[in-house]
Amino acid sequence: MGHLKNKSDINLFAAELLHKQNLYPSVVHCAYYCCIQFMKHIWLTEMNKSEEDLKQLNQNSNEGSHEILINEIKKHLTNQNLDSRVFYKDILQLKRLRINADYFDLQIDYTISDNSISLSKSVLKNLKNDKK
């Protein structure tokens, strides 16, 4: 069940390559999804939850699947006595950047691209500290 973790690593690598090639809107997308994939990896492996568990939460909520996953991971970090505030602040900021990059007629420049990579690395760092 290591495919999501591997996909997360690949998407971060892709974000960095795209950034070097000045393909900034795609950077934000990859930077965000590397975090979503790693969160789902935690959901399945560390939290011992299933795809069906996530689907049930989604069906019983007015929230989107990413929002549910983010909130569940935040609770998990808090339950592990870890500081979830930085994770939560950074993932929400990265999510906003991804929505802007994917759906709105906005310029995505070097600074936004670079910021999205930094945010994703911060999120991943917080998530990986969960395993210590």
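Just above sits the structure.
Everything quoted here is computed from the prediction, not taken from an experiment.

Another point: the side chain of S113. As for its placement among the helices and strands, S113 is situated in helix 6 (residues 110–129). The exposure class assigned to S113 is buried, which follows from its relative accessible area of 0%. If we skip the residues at most four places from it in the chain, S113 touches H19, Y24, V27 and V28.

Another aspect to go through is the packing of helix 4 (residues 65–79) against helix 5 (residues 85–103). At a minimum axis separation of 10 Å, helix 4 and helix 5 run at an interaxial angle of 165°. Taken together, the axis directions place helix 4 and helix 5 in an arrangement best described as roughly antiparallel. Between helix 4 and helix 5 the crossing geometry is right-handed. Only F87, Y88, I91, K95 and R98 of helix 5 make contact with helix 4, whose side of the interface consists of H66, E67, I70, N71, I73, K74 and L77.

Under the defined criterion, the tally for this structure stands at six salt bridges. Between D90 and K89 there is a salt bridge, with the nearest N and O atoms lying 2.9 Å from each other. Exposure remark for D90: the relative accessible area of 5% places this residue in the buried category. Residue R98 is joined to D102 by a salt bridge in which the shortest nitrogen-to-oxygen separation is 3.1 Å. With R98 and D102 both in helix 5, this residue pair falls four residues apart, about one helical turn. When its relative accessible area of 6% is taken as the criterion, R98 is described as buried. Residue D102 is classed as partly exposed on the basis of its relative accessible area, which comes to 30%.

Tracing the backbone shows F38 in helix 2 (residues 24–46). The class of F38 is buried, set by a relative accessible area of 1%. Distance in space between the C-alpha atoms of F38 and K7 is 8.3 Å, their sequence separation being 31 residues.

What counts and how
- Residues numbered from 1 in each chain as written.
- Predicted model: local features only at pLDDT ≥ 70, side-chain atom pairs only at ≥ 80, totals over all residues.
- Heavy atoms only, no water.
- Helix = DSSP H or I, 4+ residues; strand = E, 2+ residues; numbered from the N terminus.
- Buried < 20%, exposed > 50% of the residue type's maximum accessible area, 1.4 Å probe, protein only.
- Contact = heavy atoms within 4.5 Å.
- Axes fitted to C-alpha atoms, helices over the stretch in contact; angles between N-to-C directions.
- Parallel < 35°, antiparallel > 145°, perpendicular 65-115°, else oblique.
- Left-handed = near helix turned anticlockwise from the far one by under 90°.
- Salt bridge = Lys/Arg side-chain N within 4 Å of Asp/Glu carboxyl O.

Purely geometric numbers; function is a separate question.
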